[in-house]
Structures are given as structure tokens and as C-alpha cells.
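Descriptive structure summary
Next come the chains, spelled out residue by residue.
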Amino acid sequence: MKRDLISIKDLKLEEIEHIFNLTSELKAKVKDFGRSLSGRSLGLIFLKPSLRTRVSFEVGMSHLGGHTVSLTPEETKFGTREAVKDFGSVLSRYLDALVVRTFSHSELEELAGSSDIPVINGLTDLLHPCQALSDLYTIREKKGSLGGINLAFIGDGNNVAHSLLYGCAKLGVNLTVATPGKHKPKEQIFAEALELAKASGAKIVLSDDPSAAAGGADIIYTDVWTSMGQEAQCKKRTRDFQGFQVNQKLVSLAKPDCLVMHCLPAHRGEEITDEVIDGPNSIVFDQAENRMHLQKAILLFLLGGD
Ligand code: CP
Ligand code: NVA
């Protein structure tokens, strides 16, 4: 039975631990895995822009001895040029796995349901699981373990926040999501995270007070106020998020060894200042690098390489 990676919610705790351990091995011994996915093909469908996700999957696949096939948005008008299920069935005959970045989460689920090959969520309006898994790996790498870590996510209750909610709840990371009232995470996702947190003991909290959230934090995490697809609301959103900027004053409320994270791309001077993103607490580029190592582990996990 093929597996997809659509949401962190679908992964068992021991599967996440396996992916993390494999990531460390892949990172330490790049050359040892040079033929693991030899002869395998990964399709890349990006209906929104991407730098990190696309490049890290392409390079990661080549490190593993496989190759990628990129499909342009024009070639992949699934649902209009042909039915999503026909699209998925055809690609399943050529490819071994597919990474998809699209708008509608339900469309991604439909494509996964009609494909015989693993489908990896490379970001939807709702979730960004590769990002959050990689970020939690990075926190574990930097802090030694995840249990009891206090993470403050400050900004928009968006796709990245949703995937962090699932990931933190599963892995026992205490997460406070501080957003303006109108931009909270989706209620259903928050409720599911609370349910998942019962097993791990993670404290999952919503707040509208960035200073209170940052107080005593081990990690401060932020993301853009206007995600891809929301550009028309940019002016209004910029007004709504005043007071939610991650600046030096906010970082000074956290623990002295607090790490600052951002999934990137950042809008410097909006959700984060230059001083913070370029400052001593920032780990944003190590964080970006780990996307590649973690996604190689996801590919091996789903494709069972040699
Ligand atoms: N963080 C992230 O997913 O970056 P890209 O949009 O550049 O892929
Ligand atoms: N929330 C952002 C993440 C980009 C990686 C967006 O969806 O645009």
C-alpha cells in the first residue's frame, strides 16, 4: 500500500523519529546514499513560486541517484485540461513519486487518492508538512531534544502554523501561536492539535499577545503576513499585523539562548527586522539547509530506497 505525505497528522510518532534519524545519517554521509534511488523519477509540480522546496527536492533526488521531471503550470492544469484522476493515473505509470505545491488542499488530496505513487505535499493553502518536519528536526539538532521546548509562533495562523501545530503536538513541543484575533489558525486544526497533545503532554496555546508568547521562549518563529495567493489583501493584512513584528525588543523577552526561525522567504522590515534575521539568535539558513536533508529522508521513507 503506497504512502503519501500530505499532513504530519498522518505520521506515527515512531515514523517521525525514523525520518529524523535517517535525516542525521543522510546529512553525515551524503556519499553513502548515492545509489539509493538509482533509476527512480520524482515529478515536481509547482503551481505557486518556490525556491527552497523545488531546489532542495531536485538536489536531494540527485544526491540519491534519482532524477526529477518538472512539469510547468501550463502542463498541469489538472481538473481543467483533464480530470484530476486521469492526471494522477497517467503520471503513476511514468513516475515513482510526485511533489505537488498547489492552492487547494482538497485538490491535492484528490490527486493523491487517484495516484498509485506517493504524493508529497510541497505546500498548500492549508499545510506545509515538509517545512514543519524539517523545522522540528532543526530544533532537535540545535537543542539536543524536543521535549519541553517552548516555541512561540508569532504572526499569521497560516499553513506553516498549522503544520507546526500538528508537529509540536505529536512531538511534545510546547507551542504558543500568537496572532491577531482575525488571523488565528483554523479551529479544526487547533482542536486536532489539542487532541494529539494529550499523548505527548505538549502545551498548545493560542494568544493575541506577542510579548507574552515570546516570554521564556526557546524558539521564536515567524512567517510572512501575506502568504502566496493572498496578495490582494496585503495592505489590510499589514495593518492587522502591526505589533506582531519579530524585532530585537521582542527577542529580548525570550530566553537568552533563544533561536529565531523563519521558513523564508522573509519580508524584511515587515514580520522580521534585518537586525534579528541577521543577528546571533537567527538560524534561518541552517533551517533552510535542513529542508534538503529531511526531504531526502522523506523520499527514502516513502520509496524504500536501497
Ligand atoms: N520555505 C519554503 O517552502 O520556501 P519556498 O517557497 O521558496 O519553497
Ligand atoms: N506561508 C507562506 C509560506 C511560504 C513558504 C506562504 O504560503 O506563502
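Because the structure is a prediction, the values reported are computed rather than measured.

1. Examining the site of ligand 2
Taken together, Leu123, His128, Asn158, Asn159, Asp223, Val224, Ser227, Met228 and Leu264 form the complete shell of residues around ligand 2. Side-chain polar atom of Asn158 to a nitrogen atom of ligand 2: 3.3 Å apart, as the coordinates give it. The fraction of the free accessible surface of ligand 2 (270 Å²) that becomes covered by protein chains is 95%. Counted by class, the shell around ligand 2 contains four nonpolar, four polar and one charged residues.

2. Side note on the side chain of Thr53
Along the polypeptide, Thr53 turns up in helix α2 (residues 52-63). If sequence neighbours within four positions are ignored, Thr53 has contacts with Phe46, Arg101, Gly122, His128, Arg291 and Gln295.

3. Observations regarding unusual backbone geometry
Following Leu264, the chain continues to Pro265 via a peptide bond in cis, the omega torsion being 5 degrees. Phi at Leu123 takes a positive value of approximately 120 degrees, unusual for a residue other than glycine. By the secondary structure assignment, Leu123 is in the loop between β4 (119-121) and α5 (129-143). Even without a glycine there, the phi angle at Leu264 is positive, about 65 degrees. Within the secondary structure, Leu264 is located in the loop between β9 (259-262) and α11 (274-277).

4. Some details on the pairing of β9
The two faces of β9 match: Leu259 and Met261 on one face and Val260 and His262 on the other face are all buried. Examined bridge by bridge, strand β8 (residues 219-222) and β9 share four bridges and lie parallel to one another. Bridge pairing in β9 links Tyr221 to Met261.

Criteria and cut-off values
Residues numbered from 1 in each chain as written. Chains lettered and ligands numbered in written order. Predicted model: local features only at pLDDT ≥ 70, side-chain atom pairs only at ≥ 80, totals over all residues. Heavy atoms only, no water. Near = heavy atom within 4 Å. Polar contact = N/O pair within 3.5 Å; in protein donor to acceptor, adjacent residues only side chain to side chain. Areas by Shrake-Rupley, 256 points an atom, 1.4 Å probe, with all protein chains shown as cover. Nonpolar A, V, L, I, M, F, W, Y, C, P; charged D, E, K, R; others polar. Helix = DSSP H or I, 4+ residues; strand = E, 2+ residues; numbered from the N terminus. Contact = heavy atoms within 4.5 Å. Buried < 20%, exposed > 50% of the residue type's maximum accessible area, 1.4 Å probe, protein only. Pairing = 2+ DSSP bridges.

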